[in-house]
Amino acid sequence: MIRESLLEENIDLSSIYLIPVPDILMNNVWVSHVRSFSPNFDIVFARNPLVIRLFKEAGFEILIPPPYDREKYNSTLIRRLIIENSDEWKKLVPQKVAEYILKIRGDERLKAIAGIY
Ligand SMILES: Nc1ncnc2c1ncn2[C@@H]1O[C@H](COP(=O)(O)OP(=O)(O)OP(=O)(O)O)[C@@H](O)[C@H]1O
Ligand SMILES: NC(=O)c1ccc[n+]([C@@H]2O[C@H](COP(=O)(O)O)[C@@H](O)[C@H]2O)c1
């Protein structure tokens, strides 16, 4: 759904890699863990203070994107709206993301996990 959202915005995907990186609960090897999954990189875009610290200590240049109405655009709120059956969540994600979540019945799965039905 990230790929589809980028395509919807006419962003060229030819030089973009989307790489899932599993969590490990070991901060001292987080940087090398991320590097082991990705092609070489020089700049890290991050907002998470721990991530910023770990990559800065490893000598990377860090760029911090500004928050975009963080009170509204955050996954906790979006998941809560889905669970509460409010269609408002669809306005908070790209259209392709909303379509994908509905296609895989992500809304129903979320409610089931939350014990709604
Ligand atoms: N509205 C936003 N503006 C700018 N950066 C954001 C915004 N929402 C999330 N991010 C950034 O995206 C990354 C992923 O954040 P995170 O997983 O905490 O998102 P979240 O939507 O707050 O998730 P959750 O509510 O599940 O904790 C972080 O670096 C975070 O700072
Ligand atoms: N030691 C670790 O396992 C470790 C350290 C730092 C960040 N992380 C993970 O990296 C992600 C941070 O992502 P953002 O930079 O997009 O906020 C989170 O999923 C977080 O759990 C894991």
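Residues numbered from 1 in each chain as written. Chains lettered and ligands numbered in written order. Predicted model: local features only at pLDDT ≥ 70, side-chain atom pairs only at ≥ 80, totals over all residues.

Considering the overall build of the protein chain
Right, on to step 1. The helix and strand tally for the protein chain stands at 6 helices and 2 strands.
Right, on to step 2. Ordering the α and β elements of the protein chain from the N terminus gives α-α-β-α-β-α-α-α.
Right, on to step 3. Over its C-alpha atoms the protein chain spans a radius of gyration of 17 Å, topping by over 25% the 13 Å that the globule rule assigns to 117 residues.
Right, on to step 4. Across its three principal axes, the protein chain shows a C-alpha extent of roughly 45 × 35 × 25 Å.
Right, on to step 5. The buried share among the 117 residues of the protein chain stands at 3%.
Right, on to step 6. Considering only contacts within the protein chain whose residues lie at least 6 apart along the sequence, 33% involve residues at least 24 apart. (Helix = DSSP H or I, 4+ residues; strand = E, 2+ residues; numbered from the N terminus. Rg over C-alpha atoms; globule rule 2.2 N^0.38 Å. Buried ≥ 20, exposed ≤ 12 C-beta atoms within 10 Å, placed from the backbone. Contact = placed C-beta atoms within 7 Å.)

Considering the site of ligand 1
Right, on to step 1. Every residue lining ligand 1 is accounted for by Ala-46, Arg-47, Asn-48, Pro-65, Pro-67, Tyr-68, Asp-69, Arg-70, Tyr-73, Asn-74, Ser-75 and Thr-76.
Right, on to step 2. Grouping the amino acids of the shell around ligand 1 by side-chain chemistry returns 5 nonpolar, 4 polar and 3 charged. (Near = placed C-beta within 6 Å. Nonpolar A, V, L, I, M, F, W, Y, C, P; charged D, E, K, R; others polar.)

Some thoughts on the site of ligand 2
Right, on to step 1. Close contacts around ligand 2 come from Asp-23, Ile-24, Leu-25, Met-26, Asn-27, Trp-30, Ala-46, Asn-48, Leu-50 and Val-51, and that covers them all.
Right, on to step 2. Residues that form the shell around ligand 2 fall into these classes: 7 nonpolar, 2 polar and 1 charged.

Examining the domain arrangement of the protein chain
A common way to express how large an interface is: the accessible area buried when the components associate.
Right, on to step 1. In terms of domains, the protein chain is made up of domain 1 (2-63) and domain 2 (75-113).
Right, on to step 2. Each of domain 1 and domain 2 has a C-alpha centre, and these two points are 25 Å apart. (Domains from an automatic or database assignment.)

Quick notes on the packing of helix α4 (residues 75-83) against helix α6 (residues 106-113)
Right, on to step 1. As a packed pair, α4 and α6 sit with axes 9 Å apart at the nearest point and diverge in direction by 90°. Viewed along their axes, α4 and α6 adopt a mutual orientation that is roughly perpendicular. Along its contact with α4, which presents Arg-79, Ile-82 and Ile-83, the element α6 presents Asp-107, Leu-110 and Lys-111.
Right, on to step 2. A breakdown of the residues in the contact of α4 with α6 according to their chemical character gives 3 nonpolar, no polar and 3 charged. (Axes fitted to C-alpha atoms, helices over the stretch in contact; angles between N-to-C directions. Parallel < 35°, antiparallel > 145°, perpendicular 65-115°, else oblique.)

Comments concerning unusual backbone geometry
Right, on to step 1. At Asn-10, a residue that is not glycine, the phi angle is positive and equals roughly 60°.
Right, on to step 2. Here Asn-10 lies in the loop between α1 (2-8) and α2 (30-37).

A closer look at the confidence of the model for the protein chain
Right, on to step 1. Within the protein chain, residue pLDDT values average 94, and 99% of them lie at 70 or more.
Right, on to step 2. Two summary scores accompany this predicted model of the complex, namely pTM at 0.86 and ipTM at 0.87. (pLDDT = per-residue confidence, 0-100.)

Looking at the environment of Leu-50
Right, on to step 1. Following the sequence through the fold, Leu-50 ends up in helix α3 (residues 49-57).
Right, on to step 2. Along the chain, Leu-50 and Leu-102 lie 52 residues apart, while their C-alpha atoms are 33 Å from each other.

Some details on the environment of Asn-74
Right, on to step 1. Mapped onto the elements, Asn-74 comes out in the loop between β2 (61-63) and α4.
Right, on to step 2. Taking the number of C-beta atoms within 10 Å as the measure of exposure, Asn-74 has 13 and is therefore partly exposed.
Right, on to step 3. Note: C-alpha distance between Asn-74 and Leu-102 (28 residues apart in sequence) is 19 Å.

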